[in-house]
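# Observations on chain architecture
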Amino acid sequence: MQVLIADDHSIVRSGLTHLVGELDEQATVVAATSFGQLNAILDEGTAFDLIVMDLRMPGLGGLDDVEALVRRVAPVPVAIFSMIDSPDEMRAVLSRGVRAFIPKSTDDVLVVNILRLVMAGGSYVPPVLGMPGAPAAAGTAARNGVPGLFDGLTRRQLEVLDLLAQGLSNQEIGERLGLNLSTVKTHVTGVLKALGVGSRTQAVLLVKESGRDRLA
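Residues numbered from 1 in each chain as written. Predicted model: local features only at pLDDT ≥ 70, side-chain atom pairs only at ≥ 80, totals over all residues. Heavy atoms only, no water.

An unreviewed UniProt entry annotates the protein as Regulator originating from Azospirillum thiophilum.

### Some details on the packing of helix α6 (residues 155–165) against helix α7 (residues 170–177)
Interhelical geometry of α6 versus α7 gives an angle of 130° and a closest axis separation of 10 Å. Between α6 and α7, the angle is such that the two are oblique. When you trace α6 past α7, the crossing you get is right-handed. Where α6 abuts α7, its residues Arg156, Glu159, Val160, Leu163 and Leu164 lie against Ile173, Arg176 and Leu177. Tallied by class, the residues present in the contact of α6 with α7 amount to five nonpolar, no polar and three charged. (Axes fitted to C-alpha atoms, helices over the stretch in contact; angles between N-to-C directions. Helix = DSSP H or I, 4+ residues; strand = E, 2+ residues; numbered from the N terminus. Parallel < 35°, antiparallel > 145°, perpendicular 65-115°, else oblique. Left-handed = near helix turned anticlockwise from the far one by under 90°. Contact = heavy atoms within 4.5 Å. Nonpolar A, V, L, I, M, F, W, Y, C, P; charged D, E, K, R; others polar.)

### Structural notes on unusual backbone geometry
Looking along the chain, the bond that leaves Ala74 and enters Pro75 is cis, with omega of 10°. With respect to the helices, strands and loops of the structure, Pro75 is situated in the loop between α3 (63–73) and β4 (78–82).

### Things to note about the sheet that holds β4
If you trace the five strands from one edge of the open sheet to the other, you get β2-β1-β3-β4-β5, paired in parallel fashion. Pairing within the sheet leaves two strands with one partner each, and these edge strands are β2 (28–32) and β5 (100–103). In this sheet, adjacent strand axes meet at a mean angle of 20° when their direction is disregarded. Examined bridge by bridge, strand β1 (residues 2–6) and β2 share five bridges and lie parallel to one another. Its bridge partner being in β2, Val3 is matched across the sheet by Val29. Strand contacts of helix α1 (residues 10–23): β1, β2, β3 (50–53) and β4, with the helix running at about 160° to β1, the strand carrying the most contacts. (Pairing = 2+ DSSP bridges.)

In structure tokens, the structure reads:
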């Protein structure tokens, strides 16, 4: 797998390179420190499988540049990894055809799963864009049958997550699955850790974004 990472901060490039290694130990990562260098690398003709880039780096003029890049490399997926936290700006970026918008505050485990999802043909939008009252963003977190975000969960954890998404409490989940409360809490903790989220609400939002009726 060939991955192109473009960010002008070395610590970010190093971190993403490590996470790509978690995704595929055999992956080859090529780094760019500016938008101009990114395009120069593409000019060399290397066939990449994934491009991960920042939005605020030297040479990047705006969203028109992002859209032009997406068109240039299609069907290679482009994922944005950015400090931007404005929902409106996120939507504007997603509308330009990128396959994922990943805030730099995202947990490492979730970043790996998002990249896996994108590589499998899915797309991802931050949970904040799926909150009640927020206008819909382009794309969904996953497609039915597309592996990715939920691959790391056990069968029982998937069953627990399904019931969480239905709004059941821990007590109700225990009654439904024949588990004691302590065991349910352990499974919920495992689900949150595997998905790289900090709350039940965030986990449920990922399920809603996936478009899948059932996980288990």
